[in-house]
Amino acid sequence: MVFHKRRWLVRRLFFNHEQIRTMSRVKRRTTHPPYWHVLKNNQRTDEKISSDNLRFVQEVIQDKYKNKSPIKGSDLDIEKTEWDPKTKRSGVIARNIGVQHMWEKDGKKVICTVLHVLDNHVIRYVPPEEYAKSVIGAKMFKNRKPLGCLVVGAEASNPERFTRQYCSLFDEVGLLPKKRLARFIVTPNAALPPCTPLTAGHFVIGQAVDVYGKTIDYGFQGVVKRWGFKGGPASHGTTKFHRRGGTIGTGRDKARVWPGQKMPGHMGSERRFNRGLKIVRINMKYNIIYVKGTVPGPTNSIVQIFDTALPRRKFTEAPPHPTYFPPEDGTLPQEDIWDSSLHVFGSPSISV
């Protein structure tokens, strides 16, 4: 018996190569960018620049990007492949600009979130074989067939605000540095060349989409606000126990606090998906999308919109593939497109 115990101890000490997590909990949120990201924001110095030098810098920036404007959608050389149900298209970057009520034809009020699709342009396409060698791609496609990655940027800004390393990401495409970047996993038949614009026409009315964003950050909160606890009694001699959480464990069994116990802590600032939101209205003039329901994050936050991953709410007909392009004859599309279930303001509400 002693020999077996010694043998088991030697095996545990010298032959156990499994990774053991030393943290007491799993980290739920990160407040800093990953280490592989390029340093983005430029650290401004206190040196004063004269008006002549400032004017010269602005002229250099204008000359650099004067002849490298984004390519129009009608001039793109894109191989339009056939769409199939397994196709994974790119998403878009949008800004949550608030909530607006809509009414259906039967009088029911619907809460809709208004999303403004920003000036999205494709920055780079990474082929599957190359993306599978990256840090993220190696983890994502460890045991399955790799897919390509499409880097999309939004909100063009002044190059002086960013570092030289970050601005170099946009040298090949000839675009002004984008304030927002996002990566979208796409199938090879949905790949897009650099400088391709993405608009609200990328989606259609009645389509179900997934919206990805970061929830509202409430900071450190107690158990009543964070978890909805009832709190302690408010009478009968209670002292400083009105919003406390009560017991967090027992003296029996393990005699310890179990992992996952609901306690005070940091609330919000979590990255979340809201899946299966229906698009009920699209404004093509201002690139506005109205989705039925709410999305993660406060007003004025940045979100990403994808084709839904829910099996029963996926496409049944071919969408704009690989993305929407204006008609070749130059005709403008319908400015405002409504879902058939909504009541269009300005139209008669009673029909004979």
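About the cut-offs
Residues numbered from 1 in each chain as written. Predicted model: local features only at pLDDT ≥ 70, side-chain atom pairs only at ≥ 80, totals over all residues. Heavy atoms only, no water. Helix = DSSP H or I, 4+ residues; strand = E, 2+ residues; numbered from the N terminus. Buried < 20%, exposed > 50% of the residue type's maximum accessible area, 1.4 Å probe, protein only. Contact = heavy atoms within 4.5 Å. Areas by Shrake-Rupley, 256 points an atom, 1.4 Å probe, with all protein chains shown as cover. Polar contact = N/O pair within 3.5 Å; in protein donor to acceptor, adjacent residues only side chain to side chain. Salt bridge = Lys/Arg side-chain N within 4 Å of Asp/Glu carboxyl O. Phe/Tyr/Trp six-rings, centres within 6.5 Å; stacked < 30°, edge-to-face > 60°. Lys NZ or Arg CZ within 6 Å of the ring centre and 35° of its normal. Patch = residues over 30% accessible without salt bridge, like charges linked within 9 Å, V, L, I, M, F, W, Y side chains within 5 Å. Core = buried A, V, L, I, M, F, W, Y, C linked by side-chain atoms within 4.5 Å. Pairing = 2+ DSSP bridges.

## Description of the overall build of the protein chain
Tallying secondary structure elements over the protein chain gives 6 helices and 13 strands in all. The proportion of buried residues among the 352 residues of the protein chain is 34%. Put simply, 78% of the contacts in the protein chain that link residues at least 6 apart link residues at least 24 apart. In the form shown here, the protein chain has an accessible surface area of approximately 24,200 Å², with 54% of it arising from carbon and sulfur atoms.

## Structural notes on the side chain of aspartate 336
Of note, aspartate 336 is situated in strand β13 (residues 336-338). A distance of 2.7 Å separates a polar atom in the side chain of aspartate 336 from a polar atom in the side chain of arginine 281. Contact partners of aspartate 336, with chain neighbours within four places excluded, come to Arg281, Ile282 and Asn283.

## Some points on the pattern of salt bridges
Throughout the structure, instances matching the rule amount to 10 salt bridges. Notably, a salt bridge pairs arginine 89 with aspartate 307, separated by 2.9 Å at the nearest N-O pair. Separated by 218 residues along the polypeptide, arginine 89 in the loop between α2 (51-66) and β1 (92-103) and aspartate 307 in strand β12 (residues 302-307) bring together distant segments of the chain. Residue arginine 89 shares its accessibility class with aspartate 307, and that shared class is buried. Note that glutamate 270 is salt-bridged to arginine 272, the shortest N-O span being 3.6 Å. A relative accessible area of 8% places glutamate 270 in the buried class.

## Observations regarding unusual backbone geometry
Of the consecutive residues histidine 321 and proline 322, the connecting peptide bond is found in the cis state with omega at -5°. Mapped onto the elements of the fold, proline 322 is located in the loop between β12 and β13. Positive phi, normally seen in glycine, also occurs at cysteine 195, with a value near 75°. When you line up the elements, cysteine 195 lands in the loop between β5 (178-186) and β6 (197-198). For cysteine 195, a relative accessible area of 5% gives the class buried. Despite not being glycine, lysine 240 shows a phi value in the positive range, around 55°. By the element assignment, lysine 240 lies in the loop between α6 (223-227) and β9 (265-268). Judged by relative accessible area, which is 71%, lysine 240 ranks as exposed.

## Digging into the packing of aromatic side chains
Across all of its chains, the model carries 9 aromatic pairs by this definition. Between phenylalanine 184 and phenylalanine 306, the ring centres sit 5.3 Å apart and the planes meet at 65°, which makes this aromatic pair edge-to-face. In this pair, phenylalanine 184 is assigned in strand β5 and phenylalanine 306 in strand β12, connecting sequence segments 122 residues apart. Judged by relative accessible area, which is 18%, phenylalanine 306 ranks as buried. On the numbers, 4.8 Å between centres and 45° between planes, the contact of tyrosine 212 with phenylalanine 273 is tilted. One end of the pair, tyrosine 212, is in strand β7 (residues 208-214); the other, phenylalanine 273, is in strand β10 (residues 271-283), and 61 residues separate them in sequence. Feature note: the residues Phe184, Tyr212, Phe273 and Phe306 constitute an aromatic cluster, connected by ring pairs. Across the ring face of tryptophan 258, the terminal group of arginine 256 is positioned such that the distance to the ring centre comes to 4.7 Å.

## Considering a nonpolar patch on the surface
Residues Tyr35, Trp36 and Val135 make up a contiguous nonpolar surface patch of about 340 Å² in total accessible area. Position of tyrosine 35 among the secondary structure elements: in the loop between α1 (2-14) and α2. Judged by its relative accessible area of 69%, tyrosine 35 falls in the exposed class.

## Concerning the nonpolar core
Ranked by internal contacts, the top residues of the largest apolar core, which has 30 residues, are Leu115, Val209, Ile289, Val291 and Ile305. Of all the secondary-structure elements, those providing two or more residues to this core are β1, β2 (109-117), β4 (148-156), β5, β7, β10, β11 (288-292) and β12. Other than its neighbours up to four places away in sequence, valine 209 contacts Phe203, Asn274, Arg275, Gly276, Leu277, Ile279, Val291, Ile305, Phe306 and Thr308. The next biggest cluster of nonpolar side chains, apart from the first, holds 15 residues, and it includes Val126, Cys149, Leu175 and Ile185.

## Section: the environment of serine 341
Relative to the helices and strands, serine 341 resides in the segment after β13. When its relative accessible area of 27% is taken as the criterion, serine 341 is described as partly exposed. For the pair serine 341 and tryptophan 103, spaced 238 residues apart in sequence, the C-alpha separation works out to 8.8 Å. Discounting chain neighbours no more than four positions away, the residues touching serine 341 are Glu104, Lys105 and Lys278. Only 2.5 Å separates the side chain of serine 341 from the side chain of aspartate 339, close enough to count as a polar contact.

## Points about the sheet that holds strand β3 (residues 120-126)
Read across the open sheet, the 4 strands follow the order β5-β4-β3-β6; overall the sheet is antiparallel. Strands at the two margins of the open sheet, each flanked by one partner only, are β5 and β6. As judged from the 2 bridges shared by β3 and β6, these two strands associate in the antiparallel manner. Considered in β6, the bridge of histidine 121 is made with proline 197.

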